[in-house]
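# Structure at a glance
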Amino acid sequence: MKRVRSALLALATLSVSAAVVGSMASCGGGSNQPSSGVGPGDGGPGDGAPPGDGPVSNSDGPVGTEGGGGGDAGDPCAADTGGTSGTSALTAVWANEGGDKVTRDELRASGNATAVANSVWDGHCIKVFGAKNEVVSFNVVLEAAKSQASKVTVSLGNLTGPGGSVIRSAPRATNKLFDWTTTEVELFYVRYLQIKGLSQQAYGTMATWQEATFPKRAQCPGMMQATPDSKPTGTGCPWAQRPVADKFYPDIAVPMELVPTFDVAASTNQSVWADVYIPKTAPSGVYGAILSISENGSVTHKVPVSLKVRNFALPDAPSAKTMLFTSPGDISPRYGNSVTPTAITNERLMAHRHKISLIGDDTNQTGTQPGADYVSVLDGTFFSSANGYAGPGTATGQDVYSIGTYGGLTEGSTQTQFTNVFDGWETWFEANSPKTERFVYLCDEIDCTQSTPTLATQLQWWSAISGVGAKLHTLATQPLLDAPMALSDPTSGWPFSQGVSSGGTSTGGTTAADQTAADAVTAAEPTRRLFSYNGQRPGAGSCATEDDGVAMREQPWGQYKKHIDRWFWWEATYYDDNQQGLGTVDLFNSANTFGTATSDASYGTTGGANGNGVFMYPGTDALFPASSYGVPGPIASLRLKHWRRGVQDVDYLTLASAIDSKTVDTIVAKIVPSVLWEVQCHDPTNDCSYSYAPPTWSNDPDDWEAARAQLAHIIDGQ
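A brief report on the enclosed structure follows. Please read all numbers here as calculations on a predicted model, not as lab measurements.

### A few points about the overall build of the protein chain
Regarding its fold elements, the protein chain presents eleven helices and 30 strands. Taken over 718 residues, the protein chain has a buried fraction of 60%. With the model as given, the accessible surface of the protein chain reaches about 23,300 Å², and the carbon-plus-sulfur share is 52%.

### Here's the deal with the sheet that holds strand β18 (residues 473–476)
The three strands are arranged β16-β17-β18 in an open sheet whose pairing can be described as parallel. Among the strands making up the open sheet, the edge pair consists of β16 (400–403) and β18. Taken over all neighbouring pairs, the strand axes of this sheet differ in orientation by 35° on average, direction set aside. In this sheet, strand β17 (residues 437–443) lies alongside β16 in parallel orientation, the contact comprising four bridges. Counted as the bridge partner of V400 is E437 from β17.

### Section: helix α9 (residues 551–561)
Of all the eleven residues making up α9, ten are buried; the element is thus mostly covered by neighbouring parts of the structure. Taken as a whole, α9 has its buried residues at A551, M552, R553, E554, Q555, P556, W557, G558, Q559 and K561. Looking at the buried residues of α9, the elements they touch are β14 (321–325), β22 (566–569), α10 (638–671) and α11 (701–716). One or two positions beyond α9, positive phi appears at H563, with a value near 60°.

### Some words on empty space enclosed by the protein
Its boundaries defined by the atoms lining it, the largest cavity holds a volume of some 150 Å³. Along the wall of the largest cavity there are 17 residues; nearest its centre are E97, V135, V136, S137 and R645. Among the secondary structure elements, those contributing two or more residues to the lining of the largest cavity are β3 (126–132), β4 (134–144), α10 and α11. If one sorts the elements of the lining of the largest cavity by residue count, α10 sits on top with five residues. For the lining of the largest cavity, a count of residues per class yields six nonpolar, five polar and six charged.

### Topic: the environment of W121
Relative to the elements of secondary structure, W121 occurs in the loop between β2 (92–96) and β3. On the accessibility criterion, W121 (2% relative accessible area) is buried. Sequence separation between W121 and N96 is 25 residues; the distance between their C-alpha atoms is 6.3 Å.

### Examining the packing of α9 against α11
It is at 11 Å that the axes of α9 and α11 come closest, and there the two elements cross at 45°. Considered as vectors, α9 and α11 are oriented oblique to each other. Of the two possible hands of crossing, α9 and α11 adopt the one that is left-handed. Mapping the contact onto sequence places R553, E554 and W557 in α9 and P701, W704, E705, A707, R708 and L711 in α11. Partitioned by chemical class, the residues of the contact of α9 with α11 number five nonpolar, no polar and four charged.

The rules we used
Residues numbered from 1 in each chain as written. Predicted model: local features only at pLDDT ≥ 70, side-chain atom pairs only at ≥ 80, totals over all residues. Heavy atoms only, no water. Helix = DSSP H or I, 4+ residues; strand = E, 2+ residues; numbered from the N terminus. Buried < 20%, exposed > 50% of the residue type's maximum accessible area, 1.4 Å probe, protein only. Areas by Shrake-Rupley, 256 points an atom, 1.4 Å probe, with all protein chains shown as cover. Pairing = 2+ DSSP bridges. Axes fitted to C-alpha atoms, helices over the stretch in contact; angles between N-to-C directions. Contact = heavy atoms within 4.5 Å. 1 Å grid on protein atoms, 1.4 Å probe; cavity = no way out; pocket = protein on both sides within 12 Å on 5 of 7 lines; lining within 4 Å. Points joined across faces, edges and corners; volume = space filled by probe spheres on them. Nonpolar A, V, L, I, M, F, W, Y, C, P; charged D, E, K, R; others polar. Parallel < 35°, antiparallel > 145°, perpendicular 65-115°, else oblique. Left-handed = near helix turned anticlockwise from the far one by under 90°.

Structural measurements only, silent on function.
So this is what it looks like as structure tokens:
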């Protein structure tokens, strides 16, 4: 299938019967007392390691009560953490929520244990909270400041709560990693990627005047900015002086079952990530467990974990709708033809666990209907215990279906063929899956004018359809200002007031103009839809590996604030850069995944984008066998987990808004003051392609967690 995507994919515009406007550039990151990188071996092969919507009360009684399970089982943080033995080379053990990316070289707690206090770590105990039907996460950091910690293992016991209720924590066999029916807890060994240059496609032009749009750790020391719309001042700096330079950033969440024992090299740290799914049936209250850390076969640290289960449930169908592309063609060179169908199946399961909707994965689509096996994906029976699925969205179907993604279906068609496609697909969906949001992807970006038939021609054909196909939505990636119109001037756009393209220069963009265009689209719903495409600072968080951990969390908040129906990220598994010339990449050892890069004294090896198009890493890699874990399915990125955190946040926003919309609006305005086209371009008259403004949201995860706690209080009154 032909795919035409520029490095600056920005605004998707669901044309005519639906509008997709995007946000921007495709990104298409001794003592046994607990306190607060792996080493030269990164825990992979070759270095010692084997390869129901709305509040749900269940049995808990009315919202606002603690019914259903009796009292809490004591204070987990007061649990006995004695009984450790042996000498520990770990100089500190601490935790955070996960949105604070701790690079491999950082030894924050070894010299100052109080320096790492945060919303989930008080210096002794890990404290998290969540709703039923939610996945909550935390990240444990193991520091080895002086000498290597050898043969380290990490385990978490069952979380025991009210009335003896249990949230299970059980390791799985390596051939059962995509079966969630036996455990609610997953532990991950985090792998790191070295950042050798800034992701140009995440921030815009690499220039000193653009510094404010970079993440703080990517900015030169001493850069100053008088106002958000003023040009930053300063002389810049060599790449080596940037705090991000050549650091190893955490991103690859390898199931702990694949790396049961590991070393932590001297002067480094190692992160261990935990996902905990709270079942719908879990009684509200406090649950506790012990996280145990062993070295050389002896337990050297015990850390209490406290989980408060709130008295409400998140919906199975996420309130923030998403869309993420993958395809058998993307992944088959890594998995091989025989394993690819299984890998696609497991991608669907993993995406669903992260509340993300896939497109392009219907391997057996024929004629004008989905493949026979895909019907179960749409009606939800695929996401069942029979397929090893448990967690968010059990028995809940995929909520979107893209027909001919990136224009592969309509390119080169005649009007008769075009009409037959629309009539045939809509007929099938109305008869078999009427609630699924579906559309024909007409064309992508500049290809909408360069290919035959052009977008303008296709829209004329669409308007002439007299049959049932006239009701089928269409999509084309377009700027926001074109969305209410004929969409005859396609171009990429920016995640702030973007204007329209004129001779290669974006002009005429203002926040007011874009808001008027957005209003025109949303006023026509449900006939029209407003989508957003990818993400770039300063109007949206990016997917760059070196961006802040809150970057992907921010996107659903911006989506909620600006009433965007669906957020579209271009790729999950772009393993071969056939557009920018990078080619195939050893994804476990190279951060840059899109675009050939050149050396720049100030910005490192630039020109591409770290993490661009890769939200899932290949569990099997025939092209780079030394990096292969030999499992028939994906390994998640932390960025995918950060995205899920934001999607779940919007479930909180939606539930809370139904109770107290005024307070929720105040919270949203505080957390994301200016997003998307609320951020004004600097020069709308002459060149609206840039902004000096830094992002307006906090990069401190504790601020986001405080907001989530406030929303939880609105929902359950506790």
